[in-house]
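One letter stands for each residue in the lines below.
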Amino acid sequence: MNKELYFDNAATTAVDERVVEAMKPYFSMTYGNPGSMHTLGLEAKEALDSARVMLARFLNCSDEEVIFTGSGTESINMAIKGAALALQKKGKHIITQKTEHPAVLETCEYLEKQGFEVTYLDVDVYGFVSLEKLKEVMRLDTILVSIMYANNEIGTVQPIKEIAEVCKENKVLFHTDACQAAGYLDMDVKNLGIDYLSMNGSKLYGPKGVGILYVKSGRPLSPLIHGGGQEYGKRSGTENVPLIVGLAKAVEIADGEREREVARLTEMRDYLIRELLKRIPKSLLNGHPTKRLPNNVNVTFLNVEGETLLLELDQYGICASTGSACTSKTLEPSHVILALGRPYEVAHGSLRFSLGRYTTKEGIDKLLGILPETVEKYRMLSPVHLQESQI
Amino acid sequence: MNMEEKIQLHKDVEAKVESKKWFYSETVKEHFFKPKNFLLSEEKAKEADAKSDGVGQVGSPACGDMMKMWLMIDRESERITDCKWQTFGCASAIASTSMLSVMLTENGGMKIEEALQIKPQDIAARLDGLPQRKFHCSVLGDKALRAAVNDYFRKTGQDARVIVGGAKVIDKILKITDKDIEEAVLEGAHDFETVQKKTKVGVYDKNCIPEVEQLIRFYREKYFG
């Protein structure tokens, strides 16, 4: 596998070699349970503690505010359900938006079945939620707002600080899904004014199967997993020391390289967008031209179905992704592209290229060398001939 | 080299295909990367519109799948002498149409009556199977064929032979038909709850629920049983 041709870093990333090295001792050498009192246990505890210190520094919070979980999805479930359960006496209204990840949307739908009420805010043509709208839908019984930091499909970066302020003014708690943002955007929870934040390691060159939930001190949270009282009683279960160590190492590396990496990726992202739109007629950028993640490119090629392009590119060793009908279980096209007000025809032809640490200009040029002809081929096979003006 | 030749060769790809893992069956791969009997370009499609004995189009770009099929039919023997197609859709939609076109034209061409006996399962079987949620692709191919044959019947004044698959309204309030339920089952909704989530059937018209449940069982067995 050529990592230079891997344009699916928003799905998951390769684990950095330095991370692999950092994790190694904790599988079968320092394998103790951090809850044990013997030396081996204490050594594991020490590793766990320093990982927590590292992550607390990263988020600019205190150690007790960092809860380790099993994934970004778990963190999100824990934040939303945990806050909802803890606050249900106060109210049962939750606000989120239509372009959230299924981890948020499905959790909210579940809560609706349990008697909660959820408002799903619309977004504008770029995927931004409106602060005015948010203020309007706030109610006395609103207990939680959950708005993602940056969108996984189209990369739109929400005005998270402003959203947090609106929540504060209305005395409503605020959760953000920062799984895509970590490693690229400001993660200072104090500066941002966040109450709960979910993130994971598998998008920033750390291992899969580990996540964090930041819970601001004093914020209510009913635990979902009961047991031995680990993670300050908020998430029981023996701590997954090797993966936690790996996550901390990954965050440390990503944080150290962030400024340089953001600049490098932004330049390549803009190059790829510019060239795709130039070289392939009838192509449309999804999301905002600049207020998007530095590694996200999402383009619709009219009159072709995303999956065909994806599979043909795969044969050249190029990995991309589609949120369109054919990858999702339901065969529905991307709910995110539809929420932008784009018609179904546009949603079906979207392709996401998410760049990363191993992306090079050469790799992008290889992609640019293959994609235009691939699109042309499937357009020639297609009985659909929509023009941009019809969209 | 023009696009047609490139597709026939598909050299770059073939070299790499061998060792790779692939989501679909090998036969789907073959018919996706090197489709048979396709019409390349809008111009060729227009020419075919004019000279074909029967033309059928089903689906829509909004649904994510659209197929167009052109048939040449020998009036005397009623054999399909040529079949061309264009498809907008995923890999299994392209492969399904390609395979169907082969089935219709192999061995000197299939007789119309025989062709109308083809079921979506037959296309899927010839492709060595399709994932369950892609099964609707073969259904669409089947529908395109029926539409093209009907067009032939109309063009040749054999209106009596036109096959009309009328839809029956099941949900009286939302006007949801048995076709809608069939479609939902084909797209992977195999119980009442998921069909309702997809179609909203029975949300207001509660009386239709037993009939809907019966239809779901029927289509589930028809396509997946």
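Parameters and conventions
- Residues numbered from 1 in each chain as written.
- Chains lettered and ligands numbered in written order.
- Predicted model: local features only at pLDDT ≥ 70, side-chain atom pairs only at ≥ 80, totals over all residues.
- Heavy atoms only, no water.
- Helix = DSSP H or I, 4+ residues; strand = E, 2+ residues; numbered from the N terminus.
- Rg over C-alpha atoms; globule rule 2.2 N^0.38 Å.
- Buried < 20%, exposed > 50% of the residue type's maximum accessible area, 1.4 Å probe, protein only.
- Contact = heavy atoms within 4.5 Å.
- Areas by Shrake-Rupley, 256 points an atom, 1.4 Å probe, with all protein chains shown as cover.
- Lys, Arg positive; Asp, Glu negative; His and termini not counted.
- Charge placed at Lys NZ, Arg CZ, Asp CG, Glu CD.
- Pairing = 2+ DSSP bridges.
- Axes fitted to C-alpha atoms, helices over the stretch in contact; angles between N-to-C directions.
- pLDDT = per-residue confidence, 0-100.
- Parallel < 35°, antiparallel > 145°, perpendicular 65-115°, else oblique.
- Left-handed = near helix turned anticlockwise from the far one by under 90°.
- Core = buried A, V, L, I, M, F, W, Y, C linked by side-chain atoms within 4.5 Å.
- Domains from an automatic or database assignment.

### Focus on the overall build of chain B
Move 1: For chain B, the helix and strand inventory stands at 11 helices and 5 strands.
Move 2: At 19 Å, chain B has a C-alpha radius of gyration in line with the 17 Å of a compact globule built from 225 residues.
Move 3: Seen through its principal axes, chain B has C-alpha atoms that stretch 60 × 50 × 30 Å.
Move 4: Put simply, chain B has 225 residues, and 52% of those count as buried.
Move 5: Of the contacts made within chain B by residues no fewer than 6 positions apart, 60% connect residues no fewer than 24 positions apart.
Move 6: Accessible surface computed for chain B: about 10800 Å², of which carbon and sulfur atoms make up 51%.
Move 7: For chain B, the distance from the average position of its 36 positive side-chain charges to the average position of its 37 negative side-chain charges is 3 Å.

### Things to note about the overall build of chain A
Move 1: Across its full length, chain A holds 13 helices and 10 strands.
Move 2: The C-alpha radius of gyration computed for chain A amounts to 22 Å, which stays within 12% of the reference 21 Å derived for 391 residues, consistent with globular compactness.
Move 3: Classification of the 391 residues of chain A by burial places 59% in the buried group.
Move 4: Looking at chain A alone, contacts between residues at least 24 apart form 72% of all its contacts between residues at least 6 apart.
Move 5: Taking the average place of the 44 positive charges on the side chains of chain A and the average place of its 51 negative ones, the gap between the two points comes to 2 Å.

### So, the sheet that holds strand β10 (residues 350–354) of chain A
All names here are of chain A.
Move 1: An order of β8-β9-β10 is seen for the 3 strands of this open sheet, with the pairing classed as antiparallel. The sheet terminates laterally at β8 (283–285) and β10, the two strands that pair on one side only. For this sheet, the mean inter-axis angle between neighbouring strands, taken without regard to orientation, is 25°.
Move 2: Sheet topology places strand β9 (residues 296–301) next to β10; 5 bridges connect them, and they run antiparallel. Bridge pairing links valine 299 to leucine 351 in β10.
Move 3: Seen against the sheet, helix α10 (residues 306–315) touches β9 and β10 and runs at an angle of roughly 40° to β10.

### What to know about unusual backbone geometry
Move 1: Phi at Tyr232(A) is positive, roughly 55°, even though this residue is not glycine.
Move 2: A relative accessible area of 42% means that Tyr232(A) is categorised as partly exposed.
Move 3: Positive phi, normally seen in glycine, also occurs at Asn37(B), with a value near 65°.
Move 4: Assignment of secondary structure puts Asn37(B) in the loop between α3 (26–33) and α4 (42–51).
Move 5: A relative accessible area of 23% means that Asn37(B) is categorised as partly exposed.

### Side note on the confidence of the model for chain A
Move 1: Averaged over every residue, the pLDDT of chain A is 95; residues scoring 70 or more account for 98%.
Move 2: Residue range residues 324–329 of chain A is modelled with pLDDT below 50. Its contacts to residues more than four positions away, or to other chains, number 23 contacts.

### What to know about the packing of helix α9 (residues 178–186) of chain B against helix α11 (residues 209–224) of chain B
Residues and elements named next belong to chain B.
Move 1: It is the contact of α9 with α11, at a shortest axis distance of 9 Å, that shows an interaxial angle of 50°. Classified by the angle their axes make, α9 and α11 are oblique. As for the relative orientation of α9 and α11, their crossing is right-handed in sense. Each of Asp178, Ile181, Glu182, Val185 and Leu186 in α9 lies in contact with α11, whose residues at this interface are Val212, Leu215, Ile216, Tyr219, Arg220, Lys222, Tyr223 and Phe224.

### Considerations on the environment of Glu373(A)
Move 1: Position of Glu373(A) among the secondary structure elements: in helix α13 (residues 361–380).
Move 2: Taking the C-alpha atoms as reference points, Glu373(A) and Arg279(A), separated by 94 residues in sequence, lie 9.8 Å from one another.

### Considerations on the nonpolar core
Move 1: The biggest cluster of nonpolar side chains holds 149 residues, and the ones touching the most others in it are Phe353(A) and Leu104(B).
Move 2: Here this core takes 14 residues from helix α9 (residues 241–279) of chain A, the largest share from any one element.
Move 3: Discounting residues that sit within four places of it in the chain, Leu104(B) has contacts with Met69(B), Leu71(B), Ile80(B), Cys83(B), Gly109(B), Met110(B), Ala115(B), Ile118(B) and Leu145(B).
Move 4: Within the second largest apolar cluster, 22 residues are counted, among which are Ile94(A), Ile143(A), Leu173(A) and Val215(A).

### Some points on the pairing of strand β1 (residues 54–60) of chain B
All names here are of chain B.
Move 1: Inspection of the sheet shows β1 paired to strand β2 (residues 65–74) by 7 bridges, in the antiparallel sense. In the strand pairing of β2, glycine 59 is matched with methionine 66.
Move 2: The loop that links β1 with its antiparallel partner β2 comprises 4 residues; one of these, glycine 64, has a positive phi angle of about 95°.

### Points about the sheet that holds strand β1 (residues 66–69) of chain A
Residue and element names in this part refer to chain A.
Move 1: In spatial order, the strands read β1-β7-β6-β5-β4-β2-β3; together these 7 strands make up an open sheet with mixed pairing. Both outer strands of the open sheet, β1 and β3 (117–121), are each paired with one neighbouring strand and no more. Ignoring which end each strand starts from, the neighbouring axes of this sheet average 20° apart.
Move 2: The pairing of strand β4 (residues 142–146) with strand β5 (residues 173–177) spans 3 bridges and is classified as parallel. Looking at β5, one finds that serine 146 is bridged to histidine 175.
Move 3: Lying on the sheet, helix α3 (residues 39–59) is in contact with β1, β6 (196–200) and β7 (211–215); it crosses β1 at an angle near 120°.

### With respect to the domain arrangement of chain B
Move 1: What the domain assignment reports for chain B is domain 1 (23–160) and domain 2 (169–220).
Move 2: Of note, the centres of domain 1 of chain B and domain 2 of chain B, computed from C-alpha atoms alone, are 28 Å apart.

### So, the environment of Glu165(A)
Move 1: Counting through the fold element by element, Glu165(A) comes out in helix α7 (residues 160–169).
Move 2: Spatially, the C-alpha atoms of Glu165(A) and Leu192(A) are 8.7 Å apart, while their sequence positions differ by 27 residues.

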